[in-house]
Amino acid sequence: MKKTLTLLLSAGLVATATQAFSSPKQDLEKFRTYFEQRFPGIELNEFGNGPYALDASKRLQWESMEEFPPYEEYVDKGREIWETPFKNGKSFASCFGKDPSKVRVKYPHWDSKTQQVVTLEGDINKCLKANGEKPFGWKKGKIAHLGAYLGYEARGQKTNVVIPNDPKALQAYEEGKHFFYAKRGQLNIACADCHVYYSGQRIRGNTLSAALGHTTHFPVFRAKWAKKGKGDGLGTLHRRYGGCNKQVRARPFKAQGKEYRNLEFFHTYMSNGLEINAPGYRE
Amino acid sequence: MTKITQRLGGATTVLALCAGLVFSAQASADDLAAGKKIAFDRKKGNCLACHQIAGGKLAGTIAPPLISMKARFPDKAKLRAQIWDSTVANPNSIMPPMGRHKILTEKEIDLVTDFIYSL
């Protein structure tokens, strides 16, 4: 089974390797225009509300949930984590700066020193380790609480990912882009199939969100993730990536591994200019 | 919907319906029920994720409704081929290649084809 999946995965990658090269800026323009034409009249920032921007019947229920959002207690927990000193007396501010509202908008970014994409979660755990603390798990729990707080503090600021004109950075971006458009898994479906070409349509009972605006509201609270054995409802972007990979019966990659970090680089860049509205609530 | 109506040329419909009567006599009621089960099962065909099919609940809106299949596929082998590997007709198809990727067994594809053909 494992072998077949690997084979299928590589087949998917080959299929998209023939895509013509275009600059990130050109990609962004095309991407934006595609959704503007597909969903005329929907305001840019609305796309950050995922399926609820596109499905009026689901929207009402969602709006009532957002009045007393279940993620609020996690924003508070995140604030506590931010404020609580480490054993050495320092705190997260020693790594991220004193102003918690200025953190989220810096991620993801290209780090020219280590030649890789750096994410908020990556830097949270780096900070913990540098201060002799135990790192958090990658997908849920404390890392998501802190992410929710930093996202909440950054609400209203615009996504602003920079792809530097450095061949290695462009390569990471291209890899993320290929990942997004490649057919994958036993079911042979690309992210783009569900979240670009059929966005707004229903797959069984689920309305497919547009990939534009996908990253603005993470970490996200999902009712589905608030069940016994799944955690407290809050999860990171890479947790969602893993879930969407599993849906097409592909082997998920490791959260914060190179594949998902590069995907996040491309995926977040595509939402440049959209306001951060984290954390979000989803069914 | 309009697409389908357009494809249903009058003469072809009559022809296909006659052919259909002959064909459907071949699949037993049990086989049709088995095919339906596989088609609707989320862990098997999960055709309802994308297609509307008579008798199925909570169908998706991604793909054309599966109705009047004999008119659209007078040749049953072509219908089976579409289910076996949707990417032959459309390389970018979102529809999973049920046979090529071994999502369903050959026997299961026969049963699903009989069921879909009866619609």
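Everything quoted here is computed from the prediction, not taken from an experiment.

**Considering unusual backbone geometry**
- The omega torsion across Y107 of chain A and P108 of chain A is -10 degrees, close enough to zero to call that bond cis.
- By the secondary structure assignment, P108 of chain A is in the loop between α6 (93–96) and β1 (109–111).
- For the bond from F218 of chain A to P219 of chain A, the omega torsion is 5 degrees, close enough to zero to count as cis.
- Note that P219 of chain A resides in the loop between β4 (206–207) and β5 (220–222).
- With a phi close to 50 degrees, S68 of chain B is a non-glycine residue in the positive phi region.
- Mapping S68 of chain B onto the fold places it in the loop between α3 (29–40) and α4 (69–72).
- Judged by its relative accessible area of 30%, S68 of chain B is partly exposed.
- Positive phi values are uncommon outside glycine, yet K102 of chain B reaches one of about 55 degrees.
- Here K102 of chain B shows up in the loop between α5 (76–84) and α6 (106–117).
- By relative accessible area, K102 of chain B is classed as exposed at 67%.

**Comments concerning the environment of M65 of chain A**
- Residue placement: M65 of chain A occurs in helix α4 (residues 56–67).
- Discounting chain neighbours no more than four positions away, the residues touching M65 of chain A are P70 and Y281 of chain A.

**With respect to the pattern of salt bridges**
- Throughout the structure, instances matching the rule amount to 16 salt bridges over all chains.
- Notably, a salt bridge pairs E174 of chain A with K177 of chain A, separated by 4.0 Å at the nearest N-O pair. A residue pair is termed a helical-turn pair when its members lie 3 or 4 positions apart in one helix, as E174 of chain A and K177 of chain A do in helix α9 (residues 167–181) at 3 residues. Just as E174 of chain A is buried, K177 of chain A falls in that class too.
- Between E108 of chain B and K44 of chain B there is a salt bridge, with its nearest N and O atoms 2.7 Å apart. Of this pair, E108 of chain B sits in helix α6 while K44 of chain B sits in the loop between α3 and α4, and the two are 64 residues apart along the sequence.
- In this structure, a network of salt bridges that share partners links the residues D27, E174 and K177 of chain A.

**Describing the packing of aromatic side chains**
- With the rule as written, the count across this model stands at 27 aromatic pairs over all chains.
- Plain terms: the ring middles of F92 of chain A and F96 of chain A are 6.3 Å apart, the flat faces sit at 40 degrees to each other, and that makes the pair tilted.
- Taking relative accessible area as the criterion, F96 of chain A reaches 7% and is therefore assigned buried.
- Of the aromatic side chains, those joined through ring pairs into one cluster are F31, Y34, F35, F39, F47, Y173, F180, Y181, F266 and Y269 of chain A.
- Over the ring of F179 of chain A we find R184 of chain A; its NZ or CZ atom is 3.7 Å from the centre of that ring.
- Across from the ring centre of Y117 of chain B, 5.4 Å away, lies the NZ or CZ of K70 of chain B, which sits over that ring.

Conventions we followed
Residues numbered from 1 in each chain as written. Chains lettered and ligands numbered in written order. Predicted model: local features only at pLDDT ≥ 70, side-chain atom pairs only at ≥ 80, totals over all residues. Heavy atoms only, no water. Helix = DSSP H or I, 4+ residues; strand = E, 2+ residues; numbered from the N terminus. Buried < 20%, exposed > 50% of the residue type's maximum accessible area, 1.4 Å probe, protein only. Contact = heavy atoms within 4.5 Å. Salt bridge = Lys/Arg side-chain N within 4 Å of Asp/Glu carboxyl O. Phe/Tyr/Trp six-rings, centres within 6.5 Å; stacked < 30°, edge-to-face > 60°. Lys NZ or Arg CZ within 6 Å of the ring centre and 35° of its normal.

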